[in-house]
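Understanding the architecture of this molecule
Each chain is listed here by its residues.
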Amino acid sequence: MRAIGFQETGGPEVLHLVDVPRPVPGPGEVLIEVAYAGVNYGEVQHRLGDFGAPDTLTVTGLEASGRVAALGEGVGGLAVGDPVAAYLPDGGGYAEFALAPAEFTFPVGTLDLRTAGGAALVLTTAYGVLDGAVRVRPGDTVLIHAAAGGVGSAAAQIARALGVKAVYGTVSTPEKAEYALRFGYDEVFLREGFAEAVRTATGGRGVDAVLDPVGGPTRLESFEALAPFGRVAVYGEAGRHPDLTLPVLPVWKNNRTLTGYNIGDLSRRDPHLLRTHARAALELAAAGSVSIDISAVHPLHDAAEAHRAMQAGEVRGKSLLEIGG
Ligand SMILES: NC(=O)c1ccc[n+]([C@@H]2O[C@H](COP(=O)([O-])OP(=O)(O)OC[C@H]3O[C@@H](n4cnc5c(N)ncnc54)[C@H](OP(=O)(O)O)[C@@H]3O)[C@@H](O)[C@H]2O)c1
């Protein structure tokens, strides 16, 4: 089958169209004939080697949609031909066929396969950060960094669905700020000096939760945007800054909480909770409460260009690879 693989880490040019054997589903696994694969920032970091260098040909791709092609032993509730969306913890989505754990494979319901291709990782993460990491409650106020991106655009809408009262965002350009407003943000700020803008918007109080996948100076400044008992959730490092060393005493002196979210860790240590988040988020999408704006669709052989755009921060909403769609 055709796939996009890389054997050495580096720029988008290390991604190559390769011919690899079609995988065979083992117990508890589903083989999916992939229609669309989501393009995610985590896959860019995978390619760059931020999660370690591969020792063999690697096919990345953490989410996909398509039709069930075969079921491994013990898999129930799905049938060959069913349209599904899946989170792929071990990657493999940039290919004509991909293996997914049955517990992270979901019927698409009313979603079309195109939309579903960018749903399983993005919606689950957005829901998990909000519900699991910062534990939003109705009436809370939330600030979301990278507000116009895949996870950010979903998180704003899920926050609303969970009863959040006000949703603010930050982005890097005025164009993205304008674009992000369609996802229900009250205000979207440029990142420069955002903490002050948030304090002004909230009458000096700050927000109850900050969703931070950017890191570095943005992470540090996020603490200045918190209301008492506010929570900062760390769930990415898009800026690729060195890790921070934070003093603990300000947690005491300023009533702060630092929390985190990692879908890979959750998939290994609490797959049931991950599935609960995924189902809740997918139900919101199927009901029309959350929409995914597919802004770019690339053919499989153009995966390098999709990665270049994602790494350059050019993607708004969601980018996909069309494989069998
Ligand atoms: N922890 C988890 O389990 C988990 C799961 C999924 C995703 N994530 C993280 O969530 C974040 C969003 O993922 P996504 O796939 O939806 O990507 P995305 O938000 O569509 O794209 C990444 C965004 O990061 C921002 N950014 C900040 N500094 C950047 C830099 N130096 N280079 C490029 N972009 C930069 C850009 O937004 P601005 O232009 O507004 O700065 C860019 O649009 C990523 O950090 C990803 O790693 C984490």
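Residues numbered from 1 in each chain as written. Predicted model: local features only at pLDDT ≥ 70, side-chain atom pairs only at ≥ 80, totals over all residues. Heavy atoms only, no water.

Turning next to unusual backbone geometry. Within the chain, Ala146 stands out as a residue other than glycine whose phi angle is a positive 55°. Along the chain, Ala146 falls in the loop between strand S8 (141-145) and helix H4 (150-161). Residue class for Ala146 comes out partly exposed when judged on its relative accessible area of 28%. The residue Arg240 is not glycine, and still its phi comes out positive at about 55°. Mapped onto the elements, Arg240 comes out in the loop between strand S12 (226-234) and helix H8 (249-253). Judged by relative accessible area, Arg240 falls into the partly exposed class, the value being 39%. (Helix = DSSP H or I, 4+ residues; strand = E, 2+ residues; numbered from the N terminus. Buried < 20%, exposed > 50% of the residue type's maximum accessible area, 1.4 Å probe, protein only.)

Turning next to the domain arrangement of the chain. Domain assignment breaks the chain into domain 1 (2-119 + 292-322) and domain 2 (131-263). Contact residues are listed per partner, giving 10 residues for domain 1 and 13 residues for domain 2. Of the roughly 990 Å² buried where domain 1 meets domain 2, counting both sides, 48% is carbon and sulfur surface. One salt bridge connects Asp293 with Arg182, and the closest N-O pair in it is separated by 3.8 Å. Along the contact surface separating domain 1 from domain 2 lie eight residue pairs in polar contact (both at pLDDT 80 or more). (Domains from an automatic or database assignment. Contact = heavy atoms within 4.5 Å. Buried area = accessible area lost by both parts, 1.4 Å probe. Salt bridge = Lys/Arg side-chain N within 4 Å of Asp/Glu carboxyl O. Polar contact = N/O pair within 3.5 Å; in protein donor to acceptor, adjacent residues only side chain to side chain.)

This next bit is on the sheet that holds strand S9 (residues 166-171). The strand order S10-S9-S8-S11-S12-S13 describes an open sheet built from six strands, whose pairing is parallel. Of all strands in the sheet, those with a lone pairing partner are strand S10 (187-190) and strand S13 (256-260), marking the two edges. Geometrically, the sheet is characterised by an average inter-axis angle of 20° between neighbouring strands, direction not taken into account. Looking at chain direction, strand S11 (residues 207-212) and S12 are connected through five bridges and run parallel. Pairing of Val207 across the sheet is with Leu226, part of S12. (Pairing = 2+ DSSP bridges. Axes fitted to C-alpha atoms, helices over the stretch in contact; angles between N-to-C directions.)

With respect to chirality, the unit in which S11 leads through helix H7 (residues 217-222) into the neighbouring parallel S12 is right-handed. Sheet topology note: the S12/S13 ladder contains five bridges and is parallel. Following the sheet pairing, Val232 is matched in S13 by Leu258. (Right-handed = clockwise from strand over helix to strand, strands pointing away.)

Going through the model one piece at a time under the given rule, you end up with three aromatic pairs. Ring geometry for Tyr87 versus Phe104: centroids 5.6 Å apart, planes at 50°, classification tilted. With Tyr87 in strand S5 (residues 83-87) and Phe104 in the loop between strand S6 (97-101) and strand S7 (105-107), the pair connects residues that are 17 residues apart, well separated along the chain. Here Tyr87 matches Phe104 in class, with each residue buried. On the basis of an interplanar angle of 20° and a centroid distance of 6.0 Å, the ring pair of Tyr168 and Phe189 is categorised as stacked. (Phe/Tyr/Trp six-rings, centres within 6.5 Å; stacked < 30°, edge-to-face > 60°.)

For the ligand, the set of nearby residues contains 23 residues, the closest of which are Ser172, Lys176, Arg191, Tyr235 and Ile263. A distance of 2.8 Å separates an oxygen atom of the ligand from a polar backbone atom of Tyr41. Taking Ser172, its side chain carries an N or O atom lying 2.5 Å from an oxygen atom of the ligand. The fraction of the free accessible surface of the ligand (890 Å²) that becomes covered by protein chains is 87%. Counting only elements with at least two residues in the shell around the ligand, the list comes to helix H1 (41-48), H4 and helix H11 (303-311). (Near = heavy atom within 4 Å. Areas by Shrake-Rupley, 256 points an atom, 1.4 Å probe, with all protein chains shown as cover.)

What follows deals with helix H10 (residues 271-286). Because the α-helix completes a turn every 3.6 residues, residues three or four places apart line up on one side. Taking 1.5 Å per residue as the helical rise, H10 with its 16 residues ought to reach 22 Å, and the 22 Å between its terminal C-alpha atoms agrees with that figure. For H10, every residue scored as buried is listed here: Leu274, His277, Ala278, Ala281, Leu282, Leu284 and Ala285. Summarising the axial view, the buried residues of H10 lie within an arc of 155°, below the 170-degree limit, and thus occupy one face. Turned more than 90 degrees off the buried face of H10, the exposed positions are His272 and Glu283. A positive backbone phi angle near 85° is found at Gly288, which sits one or two residues after H10. (Expected span 1.5 Å × (residues − 1). Arc of directions from axis to C-beta.)

On to the nonpolar core, then. One finds Leu123, Leu130, Val142, Ile144, Ile158, Tyr185 and Leu211 to be the most contacted residues of the largest nonpolar core, which totals 58 residues. Examining the composition of this core, we find that nine residues originate from one element, helix H3 (residues 120-133), more than from any other. Shared between two domains, this core holds at least three residues of each, these being domain 1 (2-119 + 292-322) and domain 2 (131-263). Contacts of Tyr185, omitting those with residues within four sequence positions, involve Ile144, Ala147, Gly152, Ser153, Ala156, Arg160, Val167, Tyr168, Gly169 and Ala180. With 38 residues, the next largest nonpolar core counts Leu15, Ala37, Val59 and Ala102 among its residues. (Core = buried A, V, L, I, M, F, W, Y, C linked by side-chain atoms within 4.5 Å.)

Side-chain pairs of opposite charge can arise where the charged atoms are in close proximity. Inspection of every chain in the model, using the stated rule, returns 13 salt bridges. For Lys318, the salt bridge identified is with Glu63, shortest N-O distance 2.8 Å. Taken together, the residues span a long stretch of sequence, with Lys318 in strand S15 (residues 318-322) and Glu63 in strand S4 (residues 63-71) at a distance of 255 residues. Note on accessibility: Lys318 and Glu63 belong to one class, buried. Several salt bridges share partner residues, and in doing so they unite Asp212, Arg219 and Glu237 into one network.

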